[in-house]
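The primary structure of each chain is shown beneath.
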Amino acid sequence: MKLTAVITTRNEAANIANCIHAFDAFRDQVEIVVVDNQSTDDTKKIAAELGATVLDKGPERSAQRNLGWQTATSDWVVVLDADMILPDALIREILAIALESDNRTIGQSNSSPLAYWIPEVRTGTGIRVKARNFERSFYDGTCIDALRLFHKSVLCETGGYDENLIAGPEDWELDIRVLATGAKCAMLKNHLIHNEKQLTLKRMLEKKAYYTKSMAAYQAKWKGHPALKKQFGLGYRFFGVFVENGKWRKLLRHPILAFVMYCERFAVGLTYLLNR
């Protein structure tokens, strides 16, 4: 196998089939490992029927992801949520990277990336979806983003996700440790699809409130690190990330999307302050 897709689930019967089916044309090169967390619906049954290896682990996503990559039989691992779908073009890009790494000769200088960020496009219609995709485009490859594709060696070297951190900062925390190894990281060209059609503003704010649960532990662990100053700093989160490297031009080109985006940013920031 060239690639292992690790998919974490909990009551994802509505999404898991679409996530797995995206790999149908590539199943001779991709193994699928679904790590569930005590679902009470048909998530595990559906995944097993579609040929995935199904495991169970908790209590949170970090532990699930670690079991997934540790189980992987391939050198490359992509870490997904059940509501994500990988288009064919993205899978082909990843498999090409895996093939290139396989073809390197022993002793050949290795300056190729060992981990990658993947652009995301959210599904749905309406101004909120457009604004969220607009916002997400500013984060690609920054400290607000999170690596999703890894050479297994870098996960072994770092130990993977910190299981003391739950939903939210474990992504950022792993990025810090991967970059600290000196591993080269890069951005993939093709995007994944994030199915958030049912994500209302109320539900989004509830998720953000839940994510604050282990933010304090993350901040304590990496106190003073430059990445944290940006991730939690008003200046970077509300201004810097949107204007650096000439990105401010996008704000001028799309003033309505920028306005809607900033309204949601304010709501999310207020939610964080109220729940920290």
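What counts as what
Residues numbered from 1 in each chain as written. Predicted model: local features only at pLDDT ≥ 70, side-chain atom pairs only at ≥ 80, totals over all residues. Heavy atoms only, no water. Helix = DSSP H or I, 4+ residues; strand = E, 2+ residues; numbered from the N terminus. Rg over C-alpha atoms; globule rule 2.2 N^0.38 Å. Buried < 20%, exposed > 50% of the residue type's maximum accessible area, 1.4 Å probe, protein only. Areas by Shrake-Rupley, 256 points an atom, 1.4 Å probe, with all protein chains shown as cover. Lys, Arg positive; Asp, Glu negative; His and termini not counted. Charge placed at Lys NZ, Arg CZ, Asp CG, Glu CD. Pairing = 2+ DSSP bridges. Contact = heavy atoms within 4.5 Å. Core = buried A, V, L, I, M, F, W, Y, C linked by side-chain atoms within 4.5 Å. Salt bridge = Lys/Arg side-chain N within 4 Å of Asp/Glu carboxyl O. Phe/Tyr/Trp six-rings, centres within 6.5 Å; stacked < 30°, edge-to-face > 60°. Lys NZ or Arg CZ within 6 Å of the ring centre and 35° of its normal.

Participant: Would you take a moment to explain the overall build of the protein for this structure?
Facilitator: Secondary structure assignment for the protein yields 13 helices and 10 strands. The globule rule puts the C-alpha radius of gyration for 276 residues at 19 Å, and the 19 Å found for the protein is close to it. Dimensions of the protein, computed from C-alpha atoms along their principal axes, come out at roughly 50 × 45 × 40 Å. Out of the 276 residues in the protein, the part that is buried amounts to 51%. Accessible surface for the protein amounts to roughly 13,200 Å². Of this, 56% is attributable to carbon and sulfur atoms. Counting 37 positive and 32 negative side-chain charges, the protein places the averaged centre of each group 7 Å from the other.

Participant: Just to check I follow, could you spell out the sheet that holds strand β5 (residues 84-85) for this structure?
Facilitator: Where strands meet in a sheet, backbone hydrogen bonds hold them as pairs that are either parallel or antiparallel. Strand order in the open sheet formed by 3 strands is β5-β10-β7, and the pairing between neighbours is mixed. Every interior strand has two partners, whereas the edge strands, β5 and β7 (120-122), have only one. As paired strands, β7 and strand β10 (residues 192-194) are joined by 3 bridges and run parallel to one another. Paired with E120 across the strands is L192, a residue of β10.

Participant: Help me understand the environment of L188, please; the structure alone is not making it clear to me.
Facilitator: You can see L188 is positioned in the loop between β9 (185-187) and β10. Of the residues examined, L188 reaches a relative accessible area of 3% and is grouped as buried. Non-local contacts of L188, meaning those with residues more than four positions away in its chain, are made with L90, E93, I94, I97, Y116, W117, I118, P119 and L149.

Participant: Honestly, the nonpolar core in this entry has me stumped. Any pointers?
Facilitator: Ranked by size, the top nonpolar core spans 30 residues in total, and within it I7, L80 and L149 carry the most contacts. Elements with a minimum of two residues in this core: β1 (3-9), α1 (16-21), β2 (30-36), β4 (76-81) and α4 (88-102). Among the elements that line this core, the one with the most residues is α4, at 6 residues. Look past the residues within four positions of I7 in its chain and what remains in contact with it is I16, C19, I20, I32, V33, V34, V35, L80, D81 and A82. If you look at the next biggest cluster of nonpolar residues, it comprises 21 residues, including Y139, M215, L228 and V260.

Participant: Is there a simple way to think about the pattern of salt bridges in this case?
Facilitator: Pairing between side chains of opposite charge can happen when their charged atoms approach one another. Summed over all chains, the structure comprises 17 salt bridges. For the salt bridge of E264 with R128, the shortest nitrogen-to-oxygen distance reads 2.4 Å. Taken together, the residues span a long stretch of sequence, with E264 in helix α13 (residues 255-275) and R128 in helix α5 (residues 127-139) at a distance of 136 residues. In this structure E264 comes out as buried when scored by relative accessible area, which is 8%.

Participant: Please clarify how the packing of aromatic side chains should be interpreted in this entry.
Facilitator: To describe a pair of aromatic rings, you give the distance between the ring centres and the angle between the ring planes. The full count for this structure, using the stated rule, is 9 aromatic pairs. Plain terms: the ring middles of F134 and F138 are 5.0 Å apart, the flat faces sit at 90° to each other, and that makes the pair edge-to-face. Of this pair, F134 and F138 are both found in helix α5, 4 residues apart, which corresponds to roughly one turn of the helix. Ring centres of F138 and F242 lie 5.1 Å apart, and the angle between their planes is 75°; on these two criteria the pair is classed as edge-to-face. Taken together, the positions of F138 in helix α5 and F242 in helix α11 (residues 234-243) put the pair 104 residues apart, joining distant regions of the chain. You'll find F138 and F242 in the same group, each marked buried. A connected cluster of aromatic rings, assembled from ring pairs, spans F134, F138, Y139, F239, F242 and Y262. It is R65 that lies over the ring of Y161; its NZ or CZ is 5.0 Å from the centre. Across the ring face of F138, the terminal group of K250 is positioned such that the distance to the ring centre comes to 4.2 Å.

Everything listed here is a matter of geometry and, on its own, says nothing about what the molecule does.
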